[in-house]
Amino acid sequence: MIKYLLKRLFWMVPLLVGISLVSFLIMHLAPGDITTTEAGFNPKASEESRQKLREIYNLDKPITVQYGLWLNRMATLDFGTSFASHQRPVFWEKTDPQGNVSKGLIQEALPITLLINVLSLTVIIAVALPLGIVSALTQNRPPDRAITLFVFIGFAIPGFWLALVLMYWTGVVNSWLPISGLHSLQYDQMHWLGKVADTLRHLALPVFISSLSGLAGIALFVRNGMLDVLHQDYITTARAKGLPENTVVYRHALRNALLPLITIFGLSIPGLIGGSVIAESIFAIPGMGKLFYDAVLMRDFPVIMGILTIGSALTLLGNLLADLAYAWADPRVRRGVLK
Amino acid sequence: MMRRLFKHPALANPLAMVGFIIITSIMLLALLAPLIAPYDPNAIDVKAILLEPSAAHWMGTDGLGRDVFSRMLYGARISLLVGIVAVGIATGIGIVLGALSGYYRGWMDVVIMRLVDVMLSIPTFFLILAVIAFLTPSIWNIMIVIGLTSWMGVTRLVRAEFLSLREREFVMASQTLGAKDGRLIFLHLLPNSLTPVIVSSVLGVASAVLVESGLSFLGLGVQAPQASWGNILTDGKEYIQFAWWLSLFPGLAILITVLGYNLLGEGLRDALDPRTAGNQAR
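Cut-offs and rules
Residues numbered from 1 in each chain as written. Chains lettered and ligands numbered in written order. Predicted model: local features only at pLDDT ≥ 70, side-chain atom pairs only at ≥ 80, totals over all residues. Heavy atoms only, no water. Helix = DSSP H or I, 4+ residues; strand = E, 2+ residues; numbered from the N terminus. Expected span 1.5 Å × (residues − 1). Buried < 20%, exposed > 50% of the residue type's maximum accessible area, 1.4 Å probe, protein only. Contact = heavy atoms within 4.5 Å. Polar contact = N/O pair within 3.5 Å; in protein donor to acceptor, adjacent residues only side chain to side chain. Core = buried A, V, L, I, M, F, W, Y, C linked by side-chain atoms within 4.5 Å. UniProt positions renumbered as here; feature names shortened; annotations may be inferred. 1 Å grid on protein atoms, 1.4 Å probe; cavity = no way out; pocket = protein on both sides within 12 Å on 5 of 7 lines; lining within 4 Å. Points joined across faces, edges and corners; volume = space filled by probe spheres on them.

A. Summary view of helix H12 (residues 301–329) of chain A. Relative to the 42 Å expected for 29 residues at 1.5 Å per residue, H12(A) spans 42 Å between its end C-alpha atoms, a close match to the ideal helical length. Across the 29 residues of H12(A), 22 count as buried, placing the element largely inside the fold.

Here is the structure:
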């Protein structure tokens, strides 16, 4: 297992280098100097902010030196300070000479987005697994047809539109749920249980929106996986030797059908992180997605580059965890028989 | 019954057929927009602000008194154009890189596959938004950016097809007879690996349409006054308490279009892929 872990860690090195190259390329994508483009569409860009841009990305140095310095920024996770007037550090808190601590932007936003994603994944597992299993067991009969219809609509429905409709219906027409922000105004005076309930009420709609397309995908995946497994010989053997149908389905078939799901969850992380932009900006949740969206609108480049890098690093981490979980769950992978 | 009526299996697949009908109807509406649209999509009429749907304005009017039905028709052009061009770019890149990777293998394969891994580990929506932040949002930039960030799946598909086809007898025979690389690639390998590429392209258009409308909704896609389903919805958000029609129609249009492409894609996959076709028969 240790050997497997080391091997996987080693594979991450070229990926990290690649991510640094792609993000470096994006920085230099704008025709000419990024400082001039910024000035081009933002008349407010002063000489001062251009100077800051040059400083932070060392644009007056040769390109190789610039890349080296960018690598250094990535390695030390120091993405500078935001261009916004509060000038807070992009990633983690810093203490100034007077001893004032200013919290990092990502430091504050990341836990919120992680919470939303963990809740979404929980919802996806809790709903998609039963749907997929029922669908496979009733193949081509009414329950399967209904679930397949739901899956297709789940894929096709634009999340931001559904968010808008739900926001109007549950928040404006009926006022069942709060429609923006993370906490109520009275949050500070609440009992801790009340705080949890309040946060969950605020997160209900965003979590639903961000889990919807994943839900459809996983349900379809479980269905197809179950169908594949149910047609294999060892299932026929299990049935032939007279095992109860429940044992065959849930112990023999389901376990094997669920294995690839671990990888799928790993692969769905970039989608979940990226998808947070729409849900968070509609519901005004101060997570990574909203932070990123606001940074894009303000052309706050240090924040953009910081989130892009941190988001990619999280994805790599998620994939690593998924691979390790897979190796833990499937001895064939661990011993290098498969893959 | 149905299978006897049509010769080609793709036509006999009811899912694919429904998807095909949806897509062609929307394409026709988009193409004929100048003939069908009752009003100029950008004509502002201050005497007709936020009117409910009626005989004069089938889908009502927006906050500037523009006819929503006309804007929806012109918006269809944008959505379909962005979807198809973006997927065209992605498929082009995917075929070239996948073919190079699968045919030449060796270091080229390693480099291209690592590049695929790198692109897959950057959250796509962040990547798209970051690029747009450095460029200016416009319909052309949107197409290019979506195309440049969605070629990885096709690359993997084409590579896998090439790797398995290369070992087949007809390719070896041709190689033994002295066929050059170009002939092998374009005459033998490529035509035989197109099926999964077509399926994934059709499904790709669906997600490109969703991404474009999402970007336009966020104000980072197609810019006003040019109509797109996404930016009509932005208005819908603003007037949601007074004008349900501004939110309902573009949302439904996106839903139906994406559903159409997904049905067509999945139907084609079932019809063209002997493995899943067999699965269904069981």
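B. Representation of the environment of Thr315(A) in the model. Looking at the secondary structure, you find Thr315(A) in helix H12. Distance from Thr315(A) to Pro286(A), taken between C-alpha atoms, is 20 Å for residues 29 residues apart in sequence. Among all residues touching Thr315(A), those that are not within four sequence positions of it are Ile269(A), Pro270(A), Ile273(A), Leu120(B), Ser121(B) and Pro123(B). Separated by 2.8 Å, the side chain of Thr315(A) and the backbone oxygen of Gly311(A) make a polar contact.

C. Expanded view of the nonpolar core. Residue and element names in this part refer to chain A. Formed by 138 residues in total, the largest nonpolar core has its most connected members in Ile106 and Phe292. Not counting chain neighbours up to four residues away, the residues in contact with Ile106 comprise Val90, Phe91, Pro111, Met288, Leu291, Gly306, Ile307 and Ile310. In this structure, Ile147, Ala219, Val222 and Ala238 belong to the second largest nonpolar core, which totals 24 residues.

D. View of the UniProt feature "domain: ABC transmembrane type-1" (unreviewed entry) in chain A. Annotation from UniProt places "domain: ABC transmembrane type-1" (unreviewed entry) at residues 110–326 of chain A. In residues 110–326 of chain A, the share of helix is 83% and the share of strand is 0%. The end C-alpha atoms are 26 Å apart.

E. Here's a closer look at empty space enclosed by the protein. Residue and element names in this part refer to chain A. Tallying each qualifying case throughout the model produces 2 cavities of 30 Å³ or more. Quantified by volume, the second largest cavity comes out at close to 30 Å³. Surrounding the second largest cavity, Ile116, Asn117, Ser210, Leu272, Ser276, Ala279 and Glu280 form its lining. Elements supplying a minimum of two residues to the lining of the second largest cavity: helix H5 (105–137) and helix H10 (245–283).

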